[in-house]
Amino acid sequence: MNSNPAGQDSQDGQDGQDGQDGRDGRDSSPRTHDSSPRTFDALVAEAVAAPTEGWDFSWFEGRATEARPSWRYAEAMAGRLARASASLDIQTGGGEVLASAATLPPLAVATEGWPANVAKATALLHPRGVVVVASQADAPLPFADGAFDLVTSRHPVKAHFAEIARVLRPGGAYFAQHVGPASVFEVVEYFLGPQPEEVRNARHPDQERAEAEAAGLDVVDLRAERLRMEFHDIGAVVHFLRKVVWMVPGFTVEAYRPRLRELHDRIQAEGPFVAHSTRHLFDLRKPMAV
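Being a predicted model, the structure only gives us computed values, none of them experimental.

Trainee: Help me understand empty space enclosed by the protein, please; the structure alone is not making it clear to me.
Mentor: Empty space left among the atoms is revealed by rolling a probe the size of a water molecule over them. In this structure, the largest cavity encloses a volume near 130 Å³. If you trace the largest cavity, you find 16 residues lining it, with Ile90, Gln91, Ala137, Leu141 and His160 closest to the centre. Grouping the amino acids of the lining of the largest cavity by side-chain chemistry returns 8 nonpolar, 6 polar and 2 charged.

Trainee: Explain helix H8 (residues 205-214) to me, please; I cannot follow it from the model alone.
Mentor: The α-helix winds at 3.6 residues per turn, so residues separated by three or four positions along the chain end up facing the same way. Those residues of H8 lying buried are Pro205, Glu208 and Ala212. End-on, the buried residues of H8 take up no more than an arc of 60°, which puts them together on one face. Set apart from the buried face of H8 by more than 90 degrees, the exposed residues are Asp206 and Ala214. Once H8 finishes, Gly216 follows within two positions and takes phi at roughly 90°, a positive value.

Trainee: Quick question: what am I supposed to make of the pairing of strand S3 (residues 107-112) here?
Mentor: Here is the key point about a regular strand: its side chains alternate between the two faces of the sheet. S3 sits mainly inside the fold: 5 of its 6 residues count as buried. By the bridge criterion, 4 bridges tie strand S2 (residues 86-89) to S3 in an arrangement that is parallel. When the bridges of S3 are listed, Asp89 appears paired with Ala110. Pairing of S3 with strand S4 (residues 131-134), which is carried by 4 bridges, proceeds in the parallel orientation. Across the sheet, Thr111 pairs through a bridge with Val133, a residue of S4. Of the crossover connections in this fold, the one passing from S3 over helix H4 (residues 115-125) to the parallel S4 is right-handed.

Trainee: Please clarify how the nonpolar core should be interpreted in this entry.
Mentor: Soluble, globular proteins show a tendency: their nonpolar side chains are buried together. Core analysis: the largest hydrophobic core is formed by 35 residues, its most contacted members being Phe191, Phe231, Phe240, Leu241 and Leu260. Put simply, the parts of the chain that give this core at least two residues each are helix H1 (40-49), helix H6 (185-192), strand S7 (218-231), helix H9 (234-243), helix H10 (253-270) and strand S8 (273-285). Counting residues per element, this core draws most heavily on H9, at 6 residues. Membership of the second largest hydrophobic core comes to 22 residues, among which are Leu98, Ala101, Val118 and Val132.

Trainee: Just to check I follow, could you spell out the pattern of salt bridges for this structure?
Mentor: Oppositely charged side chains can pair when the atoms bearing their charge come close. One pass over the full model with this rule turns up 19 salt bridges. A salt bridge links Glu163 to Arg166; the shortest N-O distance between them is 2.9 Å. Note that Glu163 and Arg166 are positioned in helix H5 (residues 161-167) at a spacing of 3 residues, about one turn of the helix. Take Arg166: its relative accessible area is 23%, and that puts it in the partly exposed class.

Trainee: What's the story with the environment of Val44 in this structure? I'm lost.
Mentor: Mapped onto the secondary structure, Val44 falls in helix H1. Judged by relative accessible area, which is 5%, Val44 ranks as buried. Sequence-distant contacts of Val44, that is, excluding residues within four places in its chain, are made with Ile234, Val238 and Val253.

Trainee: Looking at this structure, I do not really get the sheet that holds strand S6 (residues 168-179). What am I missing?
Mentor: Strands in a sheet are paired, the pairing made by backbone hydrogen bonds, and the direction either parallel or antiparallel. In space, the 8 strands of this open sheet follow the order S1-S7-S8-S6-S5-S2-S3-S4, with mixed pairing throughout. The open sheet has two edge strands with one neighbour each: strand S1 (64-66) and S4. For this sheet the average axis-to-axis angle between neighbouring strands, irrespective of direction, equals 15°. Sheet contacts for H4: S3 and S4; angle to S4, the most-contacted strand, approximately 170°.

Trainee: What is the right way to look at the environment of Gln268 in this model?
Mentor: Mapped onto the secondary structure, Gln268 falls in helix H10. Taking the C-alpha atoms as reference points, Gln268 and Pro37, 231 residues apart in sequence, are found 8.9 Å from one another.

Trainee: Teacher, can you tell me more about the packing of H9 against H10 here?
Mentor: Helix-helix packing is characterised by the crossing angle of the two axes and by the distance between the axes. Two elements in contact, H9 and H10, have axes separated by 9 Å at closest approach and are oriented at 145°. Two packed elements cross with a definite hand, and for H9 against H10 that hand is right-handed. Between H9 and H10, the residues in contact are Ile234, Val237 and Val238 and Val253, Leu260, Leu263, His264 and Ile267, respectively. Taken together, the residues that form the contact of H9 with H10 break down as 7 nonpolar, 1 polar and no charged.

Trainee: Quick question: what am I supposed to make of the packing of aromatic side chains here?
Mentor: Aromatic ring pairs are reported here in terms of the distance separating the ring centres and the angle at which the planes meet. Scanning all chains against the criterion turns up 12 aromatic pairs. For the pair Phe191 and Phe251, a centre-to-centre distance of 6.2 Å together with 75° between the ring planes defines the contact as edge-to-face. Note that Phe191 is positioned in helix H6 and Phe251 in the loop between H9 and H10, a separation of 60 residues in sequence. Using a relative accessible area of 9% as the deciding quantity, one classes Phe191 as buried. Judged by centre distance (5.6 Å) and plane angle (90°), the rings of Phe191 and Tyr256 are edge-to-face. Here Tyr256 lies in helix H10 and Phe191 lies in helix H6, a separation of 65 residues in the sequence.

Here is what the cut-offs are and how they apply
Residues numbered from 1 in each chain as written. Predicted model: local features only at pLDDT ≥ 70, side-chain atom pairs only at ≥ 80, totals over all residues. Heavy atoms only, no water. 1 Å grid on protein atoms, 1.4 Å probe; cavity = no way out; pocket = protein on both sides within 12 Å on 5 of 7 lines; lining within 4 Å. Points joined across faces, edges and corners; volume = space filled by probe spheres on them. Nonpolar A, V, L, I, M, F, W, Y, C, P; charged D, E, K, R; others polar. Buried < 20%, exposed > 50% of the residue type's maximum accessible area, 1.4 Å probe, protein only. Helix = DSSP H or I, 4+ residues; strand = E, 2+ residues; numbered from the N terminus. Arc of directions from axis to C-beta. Pairing = 2+ DSSP bridges. Right-handed = clockwise from strand over helix to strand, strands pointing away. Core = buried A, V, L, I, M, F, W, Y, C linked by side-chain atoms within 4.5 Å. Salt bridge = Lys/Arg side-chain N within 4 Å of Asp/Glu carboxyl O. Contact = heavy atoms within 4.5 Å. Axes fitted to C-alpha atoms, helices over the stretch in contact; angles between N-to-C directions. Left-handed = near helix turned anticlockwise from the far one by under 90°. Phe/Tyr/Trp six-rings, centres within 6.5 Å; stacked < 30°, edge-to-face > 60°.

Limitation: the analysis is restricted to geometry and does not speak to function.
In C-alpha cells, the structure reads:
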C-alpha cells in the first residue's frame, strides 16, 4: 500500500507507512500471474502466508492504495532530525520511517513495545547508531526529564502528552502524525457493525489538542485530512486486518469467512472497496523555562 494504513490505524499504523509519502497512482489492479481472476481461496491463502512484522506495507503494491497527507510527514520529520541534537522516536514499529531520514542526531533513541518489531527495528536502526529500547506503549517513558530536544512519532497507539512533555527539554518539540477519528471505519463497520459515537470520535484532534495543552505543551500547528483508500482484492483486506490488529480485534479468516466471501464477491462485481483514513499532524513546543 502506498501508506501504512490505519493505525498503528499505522504506527498512519497503526494504518500507513509514510516513508515514501506522495507515491500514489500506481497500478492498483489485483496482483496476478496470468490474465485469469484469482479465486477467493487463493487470495486469502496468499494473504495469510504473508509476514506481518514491522511497518513495511510494500506487500500492498498493486492490491491497495491510500492517498498521502499533503504535509509529507517523513520528509518533514527528516528535516527536524537533521537539526536536532537528541531525538526520541516513540512506537517506532519496525523502524522504517525513522530509517528513511538521511541524517540522524548525535543521540537518537527509539522505543517499541511489540517484540517482533523490537527485533526488526534493532536490526534496521542499530547500524545507524540508533538505540532501540523495548517499552510498552502505555508505560512511562524510561528516560530522564529533559533528555531530548525532539520527540517524534508516526501513528502512536496513544500519545501520552505528560510523558512527552517531561522528557522534552524547554524549547523542544513534539512532531508527529496521528491517526484520527473513525479511520478506515468502512472496513471496521463492515465486520463489526455500526460503532457508538464515543468509539467513532476517539482520537479526535480537538481532544488530543486539549490533552497536549493540559500537559503544558504549546500547539504550533495542527492539521487534519481525510484520505481515500481502495482495496482491490480480498487478500489486501485480510492482510490489512492481520497487520493492523486493533481494527477488528481478534480477527481471523475462520471467524469472518462468510463476510470475507461476501466482500470478495462484491469487489469482483463492483470494483474496489473504498474506505477513508484520517490523519492529523501535530507540531507542539515545550515552553522555555521562565
